[in-house]
Amino acid sequence: MNPFKELPKDSKINFQSWSSLAVKPYDKNSTDPYTKTRVILMNGTEFESNWFLHHFNRHCLNNEVRRVLALVRRQEQFQQKRISALKPIDESILETTIAYEQLAVDLTADMAKKEPNPFVKAQLDFALLEDFDHLYRYANLLDMEEGVHAERLVGGYTEITPARPTIAEHRHPNDDIRRYINCWQDALITRLHTNIITAAEQQTMNYYMNVGSFYHSDLGRKLYTEIAMIEEQHVTGYGSLLDPSMTMFESWVMHEYTECYLYYSCYQTETHPQIKKIWLEHFEQELQHLKIASDMLKKYEGRDWEQLFVGGADFPELIRLKQNKEYIRDIIKSVRLTGYYEDMVSIEDLPDNHNFFKYQRQVNSSVSQVASHNVIEKYIKKYGKDYRYEDRESVEKTLRDRSKDNTELARKKGY
């Protein structure tokens, strides 16, 4: 499908009543885990769209353009509010967090398996291992404090086991900057992947930044604080991949195209009838937004959308959230990688005086103060071993001991 050649259902933007936003929330006990993750994905996509349009507005001198931006942005806000309302009141902060991390793991894996740019794939695989470890840390907290086994929440689709220890993920800011892609040379799917993952990780970062202070235990508050800092690193890394040479009008067209692609992907794979209908309605609205953005590109920069899509604008393979256990197991073999300026290298290959070790000494000066470690240690002390959901033992031998949290792997040389 080429969304530029699809006719929008409406000829102009129409606004909905409040009743249309009062959607029925999903049932947290019976709804498929991937429906929950799609809700998070599209919430984050709408958040990114809104803030991009605000950013454009704040750097635009033409009030006629700003009025069009405000018009589109208002409907994007309606969409975001509608999606956000799908989350049920009885789903706890931590239960929602498990869905956030499952999305981060399986969305990233799905894109990494299809990604043709080796550098972008390396960044996806690198951060995937960190989100995978976050899922493990939050799952232990969930069982310890709420008595809920996260394996039920992830539907058995995603294993829950340690990867690169969260304590080893704290890097100096210099080592989270990556090389940016070239929107004129890289494949369309690469451009989509960088847009999608940046928005998704930004949504996770924002969620943790906002809900952490509302969590009911001191240990949980500290864990959200720590992992929110890692999500900041991920947003920096993924955001660095975006081509900074694109104009605001070009970026606007690409944002709208990305939304069309994602809503269509969600519509094609959704199993929840009510929510499937919402994805279709929003897809039809995004077709209109895409036409508006492409018309503005033509009016103010004198260029057609075809110039942005020289290889064609047909949707590449759609996003399909599904289990990726074997792929993730294979990626865990690279658990000892860390950042080295734009690249990822083995911890063994870092210079001894590199910023990573200095930053670690400053931030993790005492392991006993690191929340991600304390969650596991406290769980082990209470139950004798950590909480996991594994089909079989980890491929990384140093992560198989369930009676002790590994705080040295990928953090110190020789481990």
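Whatever comes next refers back to the structure up there.
Residues numbered from 1 in each chain as written. Predicted model: local features only at pLDDT ≥ 70, side-chain atom pairs only at ≥ 80, totals over all residues. Heavy atoms only, no water.

**Overview of the environment of His54**
Let me state the cut-off plainly: Secondary structure elements are taken from DSSP: a helix is a run of H or I of four residues or more, a strand is a run of E of two residues or more, and numbering for both begins at the N terminus.
Mapped onto the secondary structure, His54 falls in helix H2 (residues 33–58). Considered as a pair, His54 and Gln307 are 253 residues apart in the sequence and their alpha carbons are 25 Å apart.

**Things to note about the side chain of Lys36**
Our working definition: Burial classes follow relative accessibility: with a 1.4 Å probe on protein chains only, a residue under 20% of its type's maximum area counts as buried, one over 50% as exposed, and anything between as partly exposed. Charge counting treats Lys and Arg as positive and Asp and Glu as negative, with His and both chain ends excluded. Salt bridge, as used here, is a side-chain nitrogen of Lys or Arg placed within 4 Å of a carboxyl oxygen of Asp or Glu. The contact definition used throughout considers only heavy atoms, calling two residues in contact when any of these lie within 4.5 Å.
Its location among the elements puts Lys36 in helix H2. No salt bridge is formed by the buried Lys36; the nearest opposite charge belongs to Glu91, separated by 4.2 Å. Those residues in contact with Lys36 that sit more than four places away from it in its chain are Tyr26, Lys28, Thr31, Glu91 and Ala99.

**A closer look at the packing of helix H5 (residues 118–146) against helix H7 (residues 188–211)**
Here is the rule we go by: As a rule, the C-alpha atoms of each element are fitted with a line to give its axis, helices using only the stretch in contact, and angles between N-to-C directions run from 0 to 180 degrees. Orientation labels follow simple angle bins: below 35 degrees gives roughly parallel, above 145 gives roughly antiparallel, 65 to 115 gives roughly perpendicular, and whatever is left gives oblique. Handedness of a crossing is defined here by the sense of rotation of the near helix relative to the far one, left-handed for an anticlockwise turn of less than a right angle and right-handed for a clockwise turn. Classes in brief: Ala, Val, Leu, Ile, Met, Phe, Trp, Tyr, Cys and Pro nonpolar; Asp, Glu, Lys and Arg charged; the others, Gly included, polar.
Two numbers describe how H5 lies on H7: the axes approach to 12 Å, and their chain directions differ by 25°. Here H5 is positioned roughly parallel relative to H7, judged by the angle of their axes. The way H5 lies across H7 gives a crossing that is left-handed. Mapping the contact onto sequence places Val120, Leu124, Asp131 and Tyr138 in H5 and Thr190, Thr194, Ile197, Glu201 and Tyr208 in H7. Residue classes in the contact of H5 with H7 are distributed as five nonpolar, two polar and two charged.

**Here's the deal with the pattern of salt bridges**
For side chains bearing opposite charge, pairing can occur when the charged atoms are close. Evaluation of the coordinates by the stated rule reveals 28 salt bridges. Among the ionic pairs, Arg303 bridges to Glu250, the shortest N-O distance being 2.3 Å. Placement of the pair is Arg303 in the loop between helix H10 (273–301) and helix H11 (325–331) and Glu250 in helix H9 (residues 248–269), with a sequence separation of 53 residues. Here Asp352 and Lys413 are joined by a salt bridge, their closest N and O atoms 2.6 Å apart. Placement of Asp352 in the loop between strand E2 (343–346) and helix H12 (355–363) and of Lys413 in the segment after helix H13 (371–383) is noted, with a sequence separation of 61 residues between them. On the basis of relative accessible area, Asp352 is assigned to the exposed category, the value being 61%. What you see here is one network of salt bridges that share partners, running through Glu130, Arg164, Arg171 and Asp176.

**Looking at the packing of aromatic side chains**
Which entries qualify depends on this criterion: Pairing of aromatic rings covers Phe, Tyr and Trp, the last through its six-membered ring, and needs centres within 6.5 Å; plane angles under 30 degrees mean stacked, over 60 mean edge-to-face, and all others mean tilted. In our convention, an over-ring charge means Lys NZ or Arg CZ found within 6 Å of a ring centre and within 35 degrees of that ring's normal.
A complete count under the given rule lists 28 aromatic pairs for this structure. Seen in terms of ring centroids, Tyr264 and Phe315 are 5.7 Å apart; in terms of plane orientation they differ by 35°. Their pairing is tilted. Here the residue Tyr264 occupies a position in helix H9, and Phe315 occupies one in the loop between H10 and H11, the gap between them amounting to 51 residues. In this structure, Tyr264 and Phe315 share a single accessibility class: buried. Centroid distance Phe356 to Phe357: 5.4 Å. Interplanar angle 80°. Geometry classified as edge-to-face. A residue is classified by how much of its surface remains accessible, and Phe356, at 0% relative accessible area, is buried. Look at Phe357 and you get buried, because its relative accessible area is 13%. Clustering of aromatic rings is evident, with ring pairs tying together Phe4, Tyr257, Tyr261, Tyr264, Phe283, Trp305, Phe309 and Phe315. The cationic tip of Lys276 hangs over the ring face of Tyr267; the distance from NZ or CZ to the ring centre is 4.4 Å.

**Details of the packing of H9 against H10**
At a minimum axis distance of 8 Å, the contact between H9 and H10 shows a crossing angle of 160°. Looking at the two axes, H9 sits roughly antiparallel to H10. Considering the relative orientation of H9 and H10, their crossing is left-handed. When the residues that make up the contact of H9 with H10 are grouped by side-chain class, the tally is 19 nonpolar, four polar and six charged.

**Points about the environment of Arg221**
As a reminder, the rule being used: Any pair of N or O atoms that falls within 3.5 Å is considered a polar contact. Within protein, one atom must be able to donate a hydrogen and the other to accept it, and sequence-neighbouring residues count only if both atoms are side-chain atoms.
With respect to the helices and strands, Arg221 occurs in helix H8 (residues 218–241). Under the relative-accessibility criterion, Arg221 is labelled partly exposed at 36%. Look past the residues within four positions of Arg221 in its chain and what remains in contact with it is Gly212, Ser213, Phe214 and Tyr215. For Arg221, the side chain forms a polar contact with the main-chain oxygen of Ser213, separated by 2.4 Å.

**Some remarks on H13**
In plain terms, the rule: By definition here, a helix of n residues has an expected span of 1.5 Å times n minus one.
Compared with an ideal rise of 1.5 Å per residue, which puts 13 residues at 18 Å, H13 spans 18 Å between its outermost C-alpha atoms and is within 8% of the ideal. Taken residue by residue, H13 has Ala371, Ser372, His373, Val375, Ile376, Tyr379 and Ile380 as its buried positions. In this structure, the buried side of H13 is in contact with H5 and H8. The first or second residue beyond H13 is Gly384, which carries a positive phi of 90°.

**Some thoughts on the nonpolar core**
Here is a general trend for soluble globular proteins: nonpolar side chains tend to be buried in one another's company. Counted only if it meets this: Buried Ala, Val, Leu, Ile, Met, Phe, Trp, Tyr and Cys residues that are joined via side-chain atoms within 4.5 Å together make up what is termed a nonpolar core.
Of all hydrophobic cores here, the largest spans 111 residues; its most connected members are Leu107, Trp252, Tyr257 and Phe309. Top contributing element to this core by residue count: H5, with 14 residues. Apart from residues no more than four positions distant in its own chain, Tyr257 is found in contact with Pro3, Phe4, Leu188, Leu192, Leu290, Phe309, Ala313, Asp314, Phe315 and Pro316.

**With respect to the state of the cysteines**
Spelled out, the test is: Two cysteine sulfurs form a disulfide in these notes if their separation is within 2.5 Å.
Scanning all chains against the criterion turns up zero disulfides. Free cysteine Cys183: the closest other cysteine sulfur is in Cys260, separated by 18 Å. By relative accessible area, Cys260 is classed as buried at 0%.

**Some points on the pairing of E2**
Here is the rule we go by: Two strands qualify as a pair provided DSSP detects at least 2 bridges between them.
Here strand E1 (residues 337–340) runs beside E2; their pairing, made up of four bridges, is antiparallel. Each residue of the ladder has a partner; that of Gly339, found in E2, is Met344. The hairpin formed by E1 and E2 contains two residues between the paired strands, and Tyr341 there has a positive phi angle of roughly 55°.

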